[in-house]
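Here is what each chain is made of, one letter per residue.
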Amino acid sequence: AHQAKIEFEPSELEIDPRGKAKVVIRCITGFKPQRLRASLECLVKEGPSSFVRVRGEIQSPQVYLEMDGGKSVMDLGTTYVTVSAMRTVRLVNLSNLPGRFKWTELRASDAAAKAGQLDDGAPASKTSTIDFSDSEGVLEPKEERDIHVTFTSHKPGRIST
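Below you will find a few notes about this structure.

The rules behind these values
Residues numbered from 1 in each chain as written. Predicted model: local features only at pLDDT ≥ 70, side-chain atom pairs only at ≥ 80, totals over all residues. Heavy atoms only, no water. Phe/Tyr/Trp six-rings, centres within 6.5 Å; stacked < 30°, edge-to-face > 60°. Helix = DSSP H or I, 4+ residues; strand = E, 2+ residues; numbered from the N terminus. Buried < 20%, exposed > 50% of the residue type's maximum accessible area, 1.4 Å probe, protein only. Core = buried A, V, L, I, M, F, W, Y, C linked by side-chain atoms within 4.5 Å. Contact = heavy atoms within 4.5 Å. Pairing = 2+ DSSP bridges. Axes fitted to C-alpha atoms, helices over the stretch in contact; angles between N-to-C directions.

1. Here's the deal with the packing of aromatic side chains
Now for step 1: For the structure on display, the rule yields 1 aromatic pair.
Now for step 2: Judged by centre distance (4.6 Å) and plane angle (5°), the rings of Trp 103 and Phe 132 are stacked. Taken together, the residues Trp 103 in the loop between β7 (99-102) and α1 (108-115) and Phe 132 in strand β8 (residues 128-132) connect sequence positions 29 residues apart.

The structure is reproduced here in structure tokens:
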């Protein structure tokens, strides 16, 4: 199901002499970008077949995060319990397609495991709150959008991912 496939509607039909019919040819895309190359054959009962070549490029949205100085880490510096720290990140859609986005919270143990650190496994929401000006949405083709991230700590301690 990862490859694109071609469907016909209707898949077969009968046409009166000198008649015409409309057939919808639909490309059902897979999950990844790919180049589609195919030859289609129209079988004619008691007559010669007709052929058509199909070419297409299947693309997906290309969205990336842009932070100050091209960093991949958001440094909050020293923050204080119940005092919010705000940073801005930019989402950039390089493609000609709309791109859906949604921010999700990692459990502290998941984040620590990805960073090779040990942690108590508590959800980050118990030690801090992170809010996004746009927590989910659609980035239109070629759109750039600033997202304001507000971090508030609820108890002292070092937080890293």
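2. Re the environment of Glu 12
Now for step 1: Tracing the backbone shows Glu 12 in the loop between β1 (5-9) and β2 (24-28).
Now for step 2: Exposure remark for Glu 12: the relative accessible area of 70% places this residue in the exposed category.
Now for step 3: Separated by 30 residues in sequence, Glu 12 and Cys 42 have C-alpha atoms that sit 9.4 Å apart.

3. Looking at the nonpolar core
Now for step 1: Within the largest apolar cluster, 7 residues are counted, these being Met 67, Val 89, Leu 91, Phe 101, Leu 139, Ile 147 and Val 149.
Now for step 2: Excluding anything up to four places from it in sequence, Met 67 contacts Ser 72, Val 73, Met 74 and Val 89.

4. Things to note about the sheet that holds strand β5 (residues 63-66)
Now for step 1: Taken together, 4 strands build an open sheet; the order of strands is β5-β6-β10-β8 and the sheet is antiparallel. The outermost strands of the open sheet, each flanked by one partner alone, are β5 and β8. Going across the sheet, the axis of each strand differs from the next one's by a mean of 25°, ignoring polarity.
Now for step 2: In terms of strand pairing, strand β6 (residues 85-93) meets strand β10 (residues 144-153) through 8 bridges, oriented antiparallel. The residue bridging Met 86 from the neighbouring strand is Thr 150, located in β10.

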